[in-house]
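# Fold and contact review
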Amino acid sequence: MAVIPPFDAEIRRGGIDKYGDRVEAAVVGVAKRCDEWPSSDQGGISAETMTSYVAVTTRRTLWVPDIHTDIRADDMIVYPDGSQWHVVGDPFPWVNTVTGNRWGLEVTLERSH
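Residues numbered from 1 in each chain as written. Predicted model: local features only at pLDDT ≥ 70, side-chain atom pairs only at ≥ 80, totals over all residues. Heavy atoms only, no water.

## Let's talk about the pattern of salt bridges
One pass over the full model with this rule turns up seven salt bridges. Note that K32 and D8 form a salt bridge whose closest N and O atoms lie 3.9 Å from each other. Residue K32 is located in strand 2 (residues 26-38), and its partner D8 is located in strand 1 (residues 7-13); the two are separated by 24 residues in the primary sequence. For the salt bridge of R13 with D70, the shortest nitrogen-to-oxygen distance reads 3.5 Å. Of this pair, R13 sits in strand 1 while D70 sits in the loop between strand 4 (53-64) and strand 5 (76-78), placing them 57 residues apart in sequence. With relative accessibility at 39%, the residue D70 sits in the partly exposed group. Salt bridges linked by common partners bring R13, D70, R72 and D75 together as one network. (Salt bridge = Lys/Arg side-chain N within 4 Å of Asp/Glu carboxyl O. Helix = DSSP H or I, 4+ residues; strand = E, 2+ residues; numbered from the N terminus. Buried < 20%, exposed > 50% of the residue type's maximum accessible area, 1.4 Å probe, protein only.)

Here's what the structure looks like:
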């Protein structure tokens, strides 16, 4: 199912257990009026071979217009279609290089299939 921008997405925050697995994430907020595009690295898709199976990882860039939205590294973003994406690294402000105005946050997302 395609997600048509602008869209709202849930922000979920959980944790990681002693085995490195994600634990149940609670909804902590909503990112409003978002947009997205494929990540610029590797055309948005990369593949990695692991022992006896192939894991395909898709990366996207999420743009959130409200620079004060509380999104953190390792949060989960849930799209309106129910797909779950993990935040990779810290979100960073999208800054106009001419005026210095901050126009929102860029958030790198990743999902494994």
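## Here's the deal with the environment of A26
Here A26 is to be found in strand 2. Excluding anything up to four places from it in sequence, A26 contacts I11, R12 and R13. (Contact = heavy atoms within 4.5 Å.)

## What about the side chain of T69?
Looking at the secondary structure, you find T69 in the loop between strand 4 and strand 5. Within polar-contact distance, the side chain of T69 engages the backbone oxygen of D66 at 2.8 Å. When near neighbours in sequence (up to four residues on either side) are disregarded, T69 contacts I11, A31, V64 and L105. (Polar contact = N/O pair within 3.5 Å; in protein donor to acceptor, adjacent residues only side chain to side chain.)

## Side note on the confidence of the model for the protein chain
Parts of the prediction with low pLDDT should not have their coordinates interpreted in detail. Of all residues in the protein chain, 82% attain a pLDDT of 70 or more, and the chain-wide mean is 83. Looking at the elements of the protein chain, mean pLDDT is at its lowest for strand 3 (residues 45-50), recorded as 49, and at its highest for strand 1, recorded as 95. (pLDDT = per-residue confidence, 0-100.)

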